[in-house]
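Chain and residue survey
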Amino acid sequence: MTPGMPGMQTPPPAPSATAPQSPAPQGGTAVNISDFKFNPATLTVPAGTTVTWTNQDEEPHTVAAKDGSFHSPAMDTHATYSFTFTTPGSYDYICSIHPFMTGTVVVTK
Amino acid sequence: MSTEHDPAGMTRRQLIRHSAWFGAAVVLTVAGGEVISHIAGSADAAQTAKPALRFAQISDSHIGFNGPANPNVADTFNQAIGQINGLGFTPDFVIHTGDLTHLATPAQFDQVKQMLTDLNTPHVFTVPGEHDSTDDAGQKYRQAFGAGTRGDGWYSFDIAGVHLIGLVNTLNLKKLGHLGADQLEFIEKDVAGLPNDTPIIVFSHIPLFAMYPDWGWGTDDAAQALSYLKRFSSVTCLNGHVHQLFSKTEGNVTFYSATTTAYPLPAPGQGPAPKPMTLPAGKLHDALGIREVSYTKGQQALALKDEKLT
């Protein structure tokens, strides 16, 4: 099998075409979903921040909080989902389609 | 107890990998492009007597997918339906083992439901895939396909002396497929009154065996469900989800993963994630297919015939 990257030919030159992706810019508000991973896996933001997830995979993914506080619909390729975190705390989430994918948003005061 | 054949076309190294994953019991015969899976010793008699039950399985149509791995999943699904209609007999029923849709939208449910009406069979049964229950715990799925089911969409029925159970293991996922306490109780009660020699067939989307847990290819509480089926002499579990053929026998239970009508996924652990594989031009149909299943009275095992999409 050729480990190609189907679905990645479209304009936005996704930074995910090569394997180990280094952590996303510190202090950002974006989470990239690529190769069935949330990147960064842990994002720290101040309360009131809107975090945006973008799916770069050919497979759909969701973002679903373990405590139920947010749950995106299925995001197809290049689709995004945003959620505004108002309450400080640590929010673990999964992709409900591929629940072995896990991530955390830490919201500070 | 278990037999292992070297499936044609599989390299020695791949075979070793298979053995390492699963430990035992792969029985696959490849003949003329078809893969015929069966329990050793059962096939000859099964071919001469008339089957009491014959049905077809299709899986993972992913209506709504439009990536390069298959730019037209509706076309290939229609071809699979046509292939079933051309089998030369009317199947007693057709089972679709989930991921009917890609994104669980109302339009995709409408489309796949409409397409399934083209099947020439008295009954179409389904179980949901995780793509059919992404964000609403399966509500839209049940609106489309849940008539006559119980709980979150599970059910059982009997045809020709065979007891068939359709399970839902794509809700409340933590890492693997999950059945849940209510459904486990349903299974226990459902089979309680059946004689031990009743053939049992179980449908689920996600495998009920640990095919590759790192990618979610297993069901966390399947052992409990299978414990209720231990006393039966013949138990066959048919699943989808993994988009490739595989079989495994554990004691009285044989598991068969089906292929897809949409696009292939990598073999377990090949690559970083179970993402759609784009095959070279002209190769896609070889990875897709349908399955015929028949049961002949007096035979312990079912006869399965997996056919590539033509």
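This structure is a prediction, so every number in the text was calculated from the model and none was measured. (Residues numbered from 1 in each chain as written. Chains lettered and ligands numbered in written order. Predicted model: local features only at pLDDT ≥ 70, side-chain atom pairs only at ≥ 80, totals over all residues.)

**Observations concerning the overall build of chain A**
The cut-off we apply is this: The secondary structure listing takes helices from DSSP runs of H or I that are at least 4 residues long and strands from runs of E that are at least 2 residues long, numbered from the N terminus. Partly exposed residues are those whose C-beta has more than 12 but fewer than 20 other C-beta atoms within 10 Å; 20 or more makes a residue buried and 12 or fewer makes it exposed, with C-beta atoms placed from the backbone. Residues are treated as contacting if the C-beta atoms built from their backbones sit within 7 Å of each other.
From N to C terminus, chain A includes zero helices and eight strands. Written out in order from the N terminus, the α and β elements of chain A read β-β-β-β-β-β-β-β. Burial statistics for chain A: of 109 residues in total, 32% are counted as buried. Of all intrachain contacts in chain A linking residues separated by at least 6 positions in sequence, the fraction that spans at least 24 positions is 44%.

**Here we look at the environment of Ser294(B)**
All names here are of chain B. Tracing the sequence through the fold places serine 294 in strand S12 (residues 289-295). Serine 294 gets classed as buried once you count the C-beta atoms within 10 Å, which come to 21. It is 31 Å that separates the C-alpha atoms of serine 294 and proline 274, two residues lying 20 residues apart in sequence. Look past the residues within four positions of serine 294 in its chain and what remains in contact with it is Pro51, Leu53, Arg54, Leu302 and Ala303.

**As for the confidence of the model for chain A**
Which entries qualify depends on this criterion: The predictor reports its confidence for every residue as pLDDT, a score running from 0 up to 100.
Here chain A averages 83 in pLDDT, and 75% of its residues register 70 or above. Overall, residues 1-25 of chain A carries pLDDT values under 50, and its contacts beyond four positions in sequence, including any with other chains, amount to 36 contacts.

**Some words on the sheet that holds strand S4 (residues 49-55) of chain A**
All names here are of chain A. Cut-off, in case you're wondering: Two strands pair under a simple rule: DSSP has to find at least two bridges between them. What counts as an axis is a line fitted to C-alpha atoms, over the stretch in contact for a helix, and the angles between N-to-C directions run from 0 to 180 degrees.
Strand order across the open sheet formed by four strands is S2-S1-S4-S6, with mixed pairing between neighbours. Looking at which strands have only one partner, the edges of the open sheet turn out to be strand S2 (37-39) and strand S6 (80-85). Strand-to-strand twist across the sheet, computed as the mean angle between neighbouring axes with direction ignored, equals 20°. Examined bridge by bridge, S4 and S6 share six bridges and lie antiparallel to one another. Within S6, the position partnered with threonine 52 by the bridge is serine 82.

**Points about the interface of chain B and chain A**
It is common to report an interface's size as the accessible area lost on association of the parts. Counted only if it meets this: Residue classes follow a fixed rule: Ala, Val, Leu, Ile, Met, Phe, Trp, Tyr, Cys and Pro count as nonpolar, while Asp, Glu, Lys and Arg count as charged, and any other residue, Gly among them, counts as polar.
Each partner contributes to the interface: chain B provides 25 residues, whereas chain A provides 22 residues. Residue composition of the side of chain B that touches chain A, by class: 11 nonpolar, eight polar and six charged.

**Brief notes about the sheet that holds strand S8 (residues 102-108) of chain A**
All names here are of chain A. In spatial order, the strands read S3-S8-S7-S5; together these four strands make up an open sheet with mixed pairing. Every interior strand has two partners, whereas the edge strands, strand S3 (42-46) and strand S5 (64-65), have only one. Of the pairings in the sheet, the one linking S3 to S8 comprises five bridges and is parallel in character. Looking at the pairing, threonine 42 lines up with threonine 104 of S8.

**A look at the nonpolar core**
One recurring pattern in soluble globular proteins is that nonpolar side chains are buried together. Here is the rule: We define a nonpolar core as a collection of buried residues of the types Ala, Val, Leu, Ile, Met, Phe, Trp, Tyr and Cys that are connected via C-beta atoms lying within 7 Å of each other.
Counting residues in hydrophobic clusters, the biggest one holds 86 residues, and the most contacted among them are Ile84(B), Val94(B), Leu167(B), Val202(B), Leu208(B) and Cys237(B). Examining the composition of this core, we find that five residues originate from one element, helix H3 (residues 73-85) of chain B, more than from any other.

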